[in-house]
Amino acid sequence: MSSALPQKLSIHLPSKELIPIDRVRSRLALLWLSGAGLIILTLVVQSLRLVYGPAVQEVWGWILPTLMPTLGMIVTVLGYTALDPAISGTAVRKSFFTLAFWLSASYLFLILLTIFIQPLSPGSPVDLMRMSNLWLGPFQGLVASALGVLFVSKRQR
Amino acid sequence: MKRFALRLIGPLCALTFLLSACCLGQESVHIDGLCLFDSDHFDESLYVFPPDKQALNMFQEMLAKSGKDLHVVVKAANVPEVAAAENGNERLLLYNQFVLDRFQKEGRQDWRLSMLIAHQIGHHASNHSLTLEPRMRVEIELEADRFGGYLLYQLGATLGNIEGLEEFFQNTHQSAAFPDAHARFKAAIEGWHDGRAEQGGGQGFDPGDDNIPKFPSWPPPQASANMDIPRDLLLKNISRPLVMDAATRLLSALDQAGYGERSFYAVPGGFALVSRIEHIYPDGRPKEGDERWPLTTQPPRIFSLSSYIRALLTSDPGFYRVIAFVVTSRPLVQSGAFTKYSSPRDWVWAGANRLPTTIAFLGYTNEVSCTALIYEFQQVSRNADAILHVPGSLTGRTHLERSSLLGALNK
């Protein structure tokens with residue numbers, strides 16, 4: 001009498017619901033680099049034109065921890081995969097990619113909003129930036145989790 | 001016989017009185033108004049007598065010490081002590097012979113009586129009308145007290161002598177027509193300091209009027225710009241100007257130039273009048289409408305896309321101005337002390353709304369000058385504190401012209 005373990009049932013999703021990880025990474029990298037580029041360019045111009053006066057260090061102290069961890073991870077992974085000539089066979093569910101993409105876009109939009117709303121706000125720009133940490137902090141955690149999965153995952157299709 | 005003699009005493013007394021009155025030149029007089037130091041009423045009929053030589057000399061000496069060419073008629077009278085009186089164009093100084101004899105015997109060291117006499121001389125020296133209604137009377141009595149203090153200094157009184165008169169002032173009869181005893185005492189002390197200052201010994205004296213706050217920082221902080229306001233501009237066609245006249249003119253000019261709120265402060269030898277802080281263009285013109293009167297530094301206004309982009313990418317510095325007019329008989333020295341934006345901003349809230357009489361009735365003599373101190377602040381960015389510009393980018397005259405104050409003073 002042979003005892004056979006029950007086989008794990010595996011149902012593959014149709015191809016149209018999957019998306020190659022390389023494409024996901026490049027799209028997200030494009031979104032992050034263009035969004036962060038716009039933000040940093042705006043801040044550089046504002047800093048050079050003394051918009052923030054003596055508070056310029058506080059402004060950069062706000063933006064760097066907001067952008068650089070995620071940007072650093074993206075650029076590192078892109079650089080690592082650029083050294084690998086083999087195409088990764090990993091695929092990602094489109095729904096998750098969509099979620100990660102819109103989380104990233106919303107996060108970048110909120111940062112841009114904090115900067116571009118300043119002329120219309122009665123408060124000090126630095127106070128506005130400090131206040132935005134209330135919602136950007138938790139949001140950054142969500143974005144980092146989503147991007148971490150997408151950029152560090154090595155599962156094969 | 002004894003009864004007969006007693007019957008004769010009455011008529012004899014009456015006869016003696018009539019004869020002595022005729023001999024001494026007693027005459028009943030009418031006066032338009034008088035001052036008895038703490039009252040302007042004399043209920044009895046007023047009789048005057050020719051003065052004795054000794055008393056006349058003493059009064060002439062005191063009148064000469066007043067530094068003015070006074071035409072005052074001195075007479076003995078049935079007044080309680082000393083009185084100033086006015087009868088048409090004639091100005092009278094009336095004294096009680098018995099009181100003055102005692103004063104002479106004591107070597108004129110009774111500073112209380114000296115103050116009484118000096119006060120009455122003060123009325124004549126200041127050409128006061130002694131027929132004023134009670135409300136106006138208060139003002140001239142204070143001025144006479146101040147002059148009294150001044151004259152006492154000329155007569156050799158020390159500050160201690162004047163301070164010793166506090167109880168005397170406290171014990172004077174209080175009435176609606178006469179000022180508060182404490183104010184009178186302070187006015188006398190200020191007058192004494194005026195006398196001392198005139199001889200170069202009063203630098204740094206603080207008027208110390210309790211009814212008005214002292215200027216927050218004295219000497220004043222170094223201003224961005226300043227301008228001496230010409231006397232002719234401030235006091236047009238006023239023969240014997242008072243500090244009050246200068247204050248009235250400045251208030252009128254501030255009103256015409258749109259400065260609603262302002263504050264008075266006491267400064268040594270005069271007063272300071274401070275305007276509310278205003279938001280200005282870099283060229284000194286005031287901003288329009290409510291934007292002119294900020295309590296905090298203001299964000300730029302957004303009218304269009306271009307103004308939005310300009311506000312986003314440029315620092316758009318804000319310029320603010322406080323004007324302080326300082327009217328004083330002392331030389332004005334500005335200290336180099338740094339002034340924070342919030343300090344001059346709050347000046348307008350902390351002062352008095354009008355000048356107290358002790359300062360208002362100071363004479364605007366040749367030693368008095370009016371200087372406009374302009375404090376110009378710039379906020380380089382919305383995150384920076386507004387800082388005082390020393391020296392400022394504009395001259396004092398430019399500031400006053402563009403704020404329309406000079407135009408208002410010229411009218």
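Sequence order sets the numbering: in each chain, residues are counted from 1 along the sequence as written. All chains are assigned letters beginning with A, and all ligands numbers beginning with 1, in the order in which they are written. Per-residue local features are limited, in this predicted model, to residues with pLDDT of at least 70; the limit for side-chain atom pairs, both in listing and counting, is 80 or more; totals at the level of whole chains, interfaces and linings are taken over all residues. Only hydrogens and water are set aside; all other atoms, that is, all heavy atoms of the structure, feed into the side-chain values.

### Some points on the overall build of chain B
Of regular secondary structure, chain B possesses 15 helices and 13 strands. Whether a residue is buried, partly exposed or exposed follows from its accessible area with a 1.4 Å probe, protein chains only, as a fraction of its type maximum: under 20%, in between, or over 50%, in that order. Burial status across chain B gives 51% buried among its 411 residues. Contact between two residues is taken to exist if any of their heavy atoms lie within 4.5 Å; hydrogens are not considered. Counted over contacts in chain B with a minimum sequence separation of 6, partners at least 24 positions apart contribute 73%. When the accessible area of chain B is evaluated, it comes to approximately 19200 Å², of which 53% is carbon and sulfur surface. Labels follow the DSSP assignment, with helices taken as runs of H or I lasting at least four residues and strands as runs of E lasting at least two, numbered in each case from the N terminus. Areas reported as accessible are Shrake-Rupley estimates using a 1.4 Å probe. Residue values count occlusion only from the protein chains shown.

### Examining the overall build of chain A
Each helix and strand in chain A was counted, giving four helices and two strands. Taken from the N to the C terminus, the helices and strands of chain A come in the order β-α-α-β-α-α. For chain A, buried positions account for 38% of its 157 residues. Sequence separation of at least 24 residues holds for 88% of the intrachain contacts in chain A that already meet a minimum separation of 6. For chain A, the accessible area works out to roughly 9700 Å², and carbon and sulfur atoms hold 68% of it.

### Re the interface of chain A and chain B
Opposite the 21 residues of chain A that make contact, chain B presents 14 residues. What gets called buried area is simply the loss in accessible area from a 1.4 Å probe that two parts show on being joined, summed for both. For the chain A face of the interface with chain B, the top three residues by lost area are Arg49(A), Val51(A) and Pro119(A), together amounting to 37%. Salt bridge, as applied in this entry: a Lys or Arg side-chain nitrogen positioned within 4 Å of an Asp or Glu carboxyl oxygen. Linking chain A with chain B are zero salt bridges, by the criterion used here. N or O atoms within 3.5 Å of each other form a polar contact, as long as, within protein, one can give a hydrogen and the other can take it, and as long as residues adjacent in sequence are counted only when both atoms are side-chain atoms. The tally of links between chain A and chain B comes to three residue pairs in polar contact (both at pLDDT 80 or more). Gly is placed with the polar residues, together with every amino acid not listed as nonpolar (Ala, Val, Leu, Ile, Met, Phe, Trp, Tyr, Cys and Pro) or charged (Asp, Glu, Lys and Arg). Of the residues assigned to the side of chain A that touches chain B, the class counts are 14 nonpolar, six polar and one charged.

### Considerations on the packing of helix α1 (residues 21-48) of chain A against helix α3 (residues 94-116) of chain A
Residues and elements named next belong to chain A. Note on geometry: axes are C-alpha line fits, over the in-contact stretch for helices, and angles between N-to-C directions span 0 to 180 degrees. Between α1 and α3, the shortest axis-to-axis distance is 10 Å and the interhelical angle comes to 5 degrees. When the axis of α1 is compared with that of α3, the two are roughly parallel. Touching Val-24, Arg-27, Leu-28, Leu-31, Trp-32, Gly-35, Ala-36, Leu-38, Ile-39, Thr-42, Leu-43 and Gln-46 of α1 are Phe-97, Ala-100, Phe-101, Ser-104, Ala-105, Tyr-107, Leu-108, Ile-111, Leu-112, Ile-115 and Phe-116, all from α3. Working rule for angles: under 35 degrees goes down as roughly parallel, over 145 as roughly antiparallel, 65 to 115 as roughly perpendicular, anything else as oblique.

### Some points on the packing of aromatic side chains
Residues and elements named next belong to chain B. Stacked, edge-to-face and tilted labels apply to pairs of Phe, Tyr and Trp rings (six-membered ring for Trp) whose centres lie within 6.5 Å, assigned for plane angles under 30 degrees, over 60, and everything in between, in that order. Following the criterion strictly, the structure yields 16 aromatic pairs over all chains and no others. Members of the aromatic cluster, joined through ring pairs, are Phe-37, Phe-168, Phe-169 and Phe-185. In this scheme, the term charge over a ring applies when either NZ of a lysine or CZ of an arginine sits within 6 Å of the ring centre and within 35 degrees of the ring normal. If you follow Arg-285 out to its NZ or CZ, it ends over the ring of Tyr-281, 4.5 Å from the centre. Directly above the ring of Tyr-259 sits Arg-292, whose terminal nitrogen or CZ lies 4.7 Å from the centroid.

### A short note on the pairing of strand β7 (residues 225-229) of chain B
Residue and element names in this part refer to chain B. Side chains Ala-225, Met-227 and Ile-229 of β7 all project onto a buried face; the interleaved residues Asn-226 and Asp-228 project onto a face where none is buried. Where β7 and strand β12 (residues 369-379) come together, five bridges link them in antiparallel fashion. The partner of Ala-225 across the bridge, within β12, is Ile-374. Note on pairing: DSSP must find at least two bridges between two strands before they are called paired.

### Let's talk about the packing of α1(A) against helix α2 (residues 56-82) of chain A
Residue and element names in this part refer to chain A. Where α1 contacts α2, the axes come no closer than 10 Å and their chain directions differ by 155 degrees. Accordingly, the angle class assigned to the pair α1 and α2 is roughly antiparallel. Of the two elements, α1 crosses α2, and the hand of that crossing is left-handed. Residues Arg-25, Ala-29, Trp-32, Leu-33, Ala-36, Ile-39, Ile-40, Leu-43, Val-44 and Ser-47 of α1 touch α2, and the partners they reach there are Val-56, Val-59, Trp-60, Ile-63, Leu-67, Thr-70, Leu-71, Ile-74, Val-75, Val-77, Leu-78 and Thr-81. Left-handed describes a crossing whose near helix is turned anticlockwise from the far helix through less than a right angle; right-handed describes the clockwise counterpart.

### A look at the side chain of Ser132(A)
Residue and element names in this part refer to chain A. By the element assignment, Ser-132 lies in helix α4 (residues 125-152). Ser-132 gets classed as buried once you look at its relative accessible area, which sits at 0%. A polar contact is formed between the side chain of Ser-132 and the side chain of Trp-62, at a distance of 3.2 Å. Contact partners of Ser-132, with chain neighbours within four places excluded, come to Trp-62 and Thr-114.

### Regarding the pattern of salt bridges
When their charged atoms lie close together, side chains carrying opposite charge are able to pair. Residue and element names in this part refer to chain B. The full count for this structure, using the stated rule, is eleven salt bridges over all chains. In this structure, Arg-112 engages Glu-81 in a salt bridge whose closest nitrogen and oxygen atoms are separated by 2.5 Å. Of this pair, Arg-112 sits in helix α4 (residues 111-125) while Glu-81 sits in the loop between β4 (73-77) and β5 (82-87), and the two are 31 residues apart along the sequence. For Arg-112, a relative accessible area of 24% corresponds to the partly exposed category. Of the charged contacts in the structure, one is a salt bridge between Glu-261 and Arg-276, with a shortest N-O distance of 2.9 Å. One end of the pair, Glu-261, is in the loop between α10 (243-256) and β8 (262-267); the other, Arg-276, is in the loop between β9 (270-275) and β10 (278-280), with 15 residues separating them in the sequence. Using a relative accessible area of 12% as the deciding quantity, one classes Arg-276 as buried.

### Some points on the sheet that holds β5(B)
Strand order across the open sheet formed by six strands is β1-β3-β4-β6-β5-β2 (chain B), with mixed pairing between neighbours. With one partner strand each, in any of the chains shown, β1 (27-28) and β2 (33-35) of chain B form the two edges of the open sheet.

Everything listed here is a matter of geometry and, on its own, says nothing about what the molecule does.
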